[in-house]
Amino acid sequence: MSYNDRRSFKAERVRKKRRRIFYWIVLPTIVLLLSTASYGAFLYNKAQSVISDSYKPLDRDSKRDKKVDPNIDNISILFIGVDDSDTRKFAEGSRTDALMLATFNEKEKSVKLVSIPRDSYVHIPEKDVYTKINHAHSYGGVKLTIETVEEFMNVPVDYYVKLNFNAFIDVVDALNGIKVDVPYAFSEQDSEDNADAISLQAGYQKLDGEEALALARTRKLDNDIERGKRQQEIFKAIFKKAASASSITSYSNVIEAVGDNMTTNLTFSEMKSFTDYALALDNLNIETLNIAGKDAMIKGIYYYEPDEDSVEEIRSVLRNHLAIESYNNITDDTLTKASESDESISEDTN
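Residues numbered from 1 in each chain as written. Predicted model: local features only at pLDDT ≥ 70, side-chain atom pairs only at ≥ 80, totals over all residues. Heavy atoms only, no water.

Draft legend 1. Up close: the overall build of the protein chain. Of regular secondary structure, the protein chain possesses 12 helices and 14 strands. Counting over 350 residues, the protein chain shows a buried share of 56%. Across the protein chain, contacts joining residues at least 24 apart in sequence account for 73% of those joining residues at least 6 apart. A total accessible area of about 16000 Å² is found for the protein chain, and carbon and sulfur atoms account for 46% of it. (Helix = DSSP H or I, 4+ residues; strand = E, 2+ residues; numbered from the N terminus. Buried < 20%, exposed > 50% of the residue type's maximum accessible area, 1.4 Å probe, protein only. Contact = heavy atoms within 4.5 Å. Areas by Shrake-Rupley, 256 points an atom, 1.4 Å probe, with all protein chains shown as cover.)

Written as structure tokens, this is what we have:
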């Protein structure tokens, strides 16, 4: 790597803030609320109305032989995190800030979670180009994002849940904040990209939505591994707060917060099927999977280049978890990187 490439790489790493928040925390929160809301007609009906408003099916061919039923089948959900705030005004042309593929094994009541780095160098079907996976949403919205992940991970994607930063912030605020341990003092930008707008001191304390988001996404003083641990603690704090009796009066606001900032092809009835996973929380086996790879500069642009052996190993784990004996979604030609066909679009400032 040349001196100029090293400088470009360093500048890129400093400039980019990969906002890989645990967007999947919202669905378990909904599940918990629904199981509790079954005791109150008002909350139940409100949840049904909000989820119905968030329902947005996709016109696409399923990779399954037949339609799956979350009540009895192993299924997969792609969680798509997008910063489509008023500040950015990207709407459907926005890129994904976080992609997390989850597989659910109904019999074992277990979950496999794989976080896909937003800068992963992959093939984008339909466009037939190699570029960052977060560009798929800009090219073709949720549909193309799903098709790209299906090809990359070589497993079917049954459902999607698309969320923005407001969902994370509003859920925490609707619960009147959460208590977590802040490992060190730091300053971080807020959800509207105002530099150093959030300042926190070290110690166990109550955080509002913006502060919790800042803690979840900062990595100025450590690394992605430690950030992942913080996100797990934030998830547990949200779940614990939502489960507490003191939060019952907040459920209406939480449901509204989620509904205003989410679209999904899960129906209300299908979403209720995840109650069994919430009830099995004490024994629920959630395994996180990480894609190994390396930093790469291609044509002067930073990419994360996934390690093919690591990707294939994760593919196998996910297929086994879904009890899919074989799934031939991709070909050897697709796996061959064709850098000469790479097409890049202008970089954002995330």
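Draft legend 2. Molecular detail of the sheet that holds strand β6 (residues 159-163). The sheet built from six strands is open, its strands ordered β11-β6-β1-β2-β3-β12 with mixed pairing. This sheet does not close on itself; its edge strands, each paired only once, are β11 (262-264) and β12 (285-290). Neighbour-to-neighbour, the strand axes of the sheet open up by a mean angle of 20 degrees, direction not taken into account. Pairing analysis gives five bridges linking strand β1 (residues 75-82) to β6, with the strands arranged parallel. (Pairing = 2+ DSSP bridges. Axes fitted to C-alpha atoms, helices over the stretch in contact; angles between N-to-C directions.)

Draft legend 3. Molecular detail of the pattern of salt bridges. One pass over the structure, following the stated rule, counts 10 salt bridges. As a salt-bridge pair, Asp 119 and Arg 118 come within 3.6 Å of each other at their nearest N and O atoms. Each of the two residues, Asp 119 as well as Arg 118, counts as buried. Each of Arg 118, Asp 119 and Lys 132 takes part in one network of salt bridges that share partners. (Salt bridge = Lys/Arg side-chain N within 4 Å of Asp/Glu carboxyl O.)

Draft legend 4. Up close: the side chain of Thr 103. Counting through the fold element by element, Thr 103 comes out in strand β2 (residues 96-105). Among the polar contacts listed, one links the side chain of Thr 103 to the side chain of His 321, at a separation of 2.7 Å. The contact partners of Thr 103, leaving out residues within four places of it in the chain, are Ile 75, Ser 76, Ser 110, Val 111, Lys 112, Leu 318, His 321 and Leu 322. (Polar contact = N/O pair within 3.5 Å; in protein donor to acceptor, adjacent residues only side chain to side chain.)

Draft legend 5. Layout of the layout of surface pockets. In this model, the second largest pocket occupies a volume close to 340 Å³. In terms of lining, the second largest pocket is formed by 15 residues, of which the most central are Ser 62, Lys 67, Asp 158, Tyr 159 and Asn 265. In the lining of the second largest pocket, the residues fall into seven nonpolar, two polar and six charged. (1 Å grid on protein atoms, 1.4 Å probe; cavity = no way out; pocket = protein on both sides within 12 Å on 5 of 7 lines; lining within 4 Å. Points joined across faces, edges and corners; volume = space filled by probe spheres on them. Nonpolar A, V, L, I, M, F, W, Y, C, P; charged D, E, K, R; others polar.)

Draft legend 6. Structural context of helix α11 (residues 308-321). In this model α11 runs 20 Å from its N-terminal to its C-terminal C-alpha over 14 residues, within 8% of the 20 Å that 1.5 Å per residue would give. Within α11, burial applies to Ser 310, Val 311, Ile 314, Arg 315, Leu 318, Arg 319 and His 321. Summarising the axial view, the buried residues of α11 lie within an arc of 165 degrees, below the 170-degree limit, and thus occupy one face. α11 presents Asp 309, Glu 313 and Asn 320 as exposed residues on the side facing more than 90 degrees away from its buried surface. Measuring from the side-chain oxygen of the N-cap residue of α11 to the backbone nitrogen of Asp 309 gives 3.2 Å; that N-cap residue is Asp 307. Immediately beyond the C-terminal end of α11, within one or two residues, lies Ala 323, with a positive phi of roughly 60 degrees. (Expected span 1.5 Å × (residues − 1). Arc of directions from axis to C-beta.)

Draft legend 7. The arrangement of the side chain of Thr 131 in detail. As for its placement among the helices and strands, Thr 131 is situated in strand β5 (residues 129-132). Since its relative accessible area comes to 0%, Thr 131 is described here as buried. Side-chain polar atoms of Thr 131 contact the side chain of His 135, separated by 3.0 Å.

Draft legend 8. Broad picture of the packing of helix α5 (residues 165-174) against helix α6 (residues 209-217). Two elements in contact, α5 and α6, have axes whose closest approach is 7 Å; the angle formed by their N-to-C orientations is 125 degrees. By the criterion of interaxial angle, the relationship of α5 to α6 is oblique. The two elements α5 and α6 cross, and the hand of that crossing is right-handed. Residue-level inspection shows Phe 165, Phe 168, Ile 169, Val 172 and Asp 173 of α5 in contact with α6, the latter providing Gly 209, Glu 210, Ala 212, Leu 213, Ala 216 and Arg 217. (Parallel < 35°, antiparallel > 145°, perpendicular 65-115°, else oblique. Left-handed = near helix turned anticlockwise from the far one by under 90°.)

Draft legend 9. Representation of unusual backbone geometry in the model. For Lys 109, which is not a glycine, the phi torsion comes out positive at approximately 55 degrees. For Lys 109, the location among the structural elements is in the loop between β2 and β3 (110-115). A positive phi angle is found at Ala 323, which is not glycine, with a value near 60 degrees. Note on placement: Ala 323 falls in the loop between α11 and α12 (332-335). On the basis of relative accessibility, which here comes to 56%, the residue Ala 323 falls in the exposed class.

Draft legend 10. Layout of the nonpolar core. Formed by 49 residues in total, the largest nonpolar core has its most connected members in Ile 77, Phe 168, Ile 178, Ile 234 and Ile 238. At seven residues, the largest contribution of residues to this core is made by α5. What Ile 234 contacts, discounting residues up to four positions off in sequence, is Phe 168, Ile 178, Val 180, Ala 212, Leu 215 and Ala 216. Within the second largest apolar cluster, 29 residues are counted, among which are Leu 78, Phe 152, Tyr 160 and Leu 289. (Core = buried A, V, L, I, M, F, W, Y, C linked by side-chain atoms within 4.5 Å.)

Draft legend 11. Representation of the pairing of β3. The buried fraction of β3 amounts to five of the six residues, a majority that puts the element mostly inside the structure. Counted along the chain from β2 to the antiparallel partner β3, the turn is four residues long, and its residue Lys 109 has a positive phi close to 55 degrees. As paired elements, β3 and β12 share six bridges and run parallel to each other. Each residue of the ladder has a partner; that of Lys 112, found in β12, is Glu 287.

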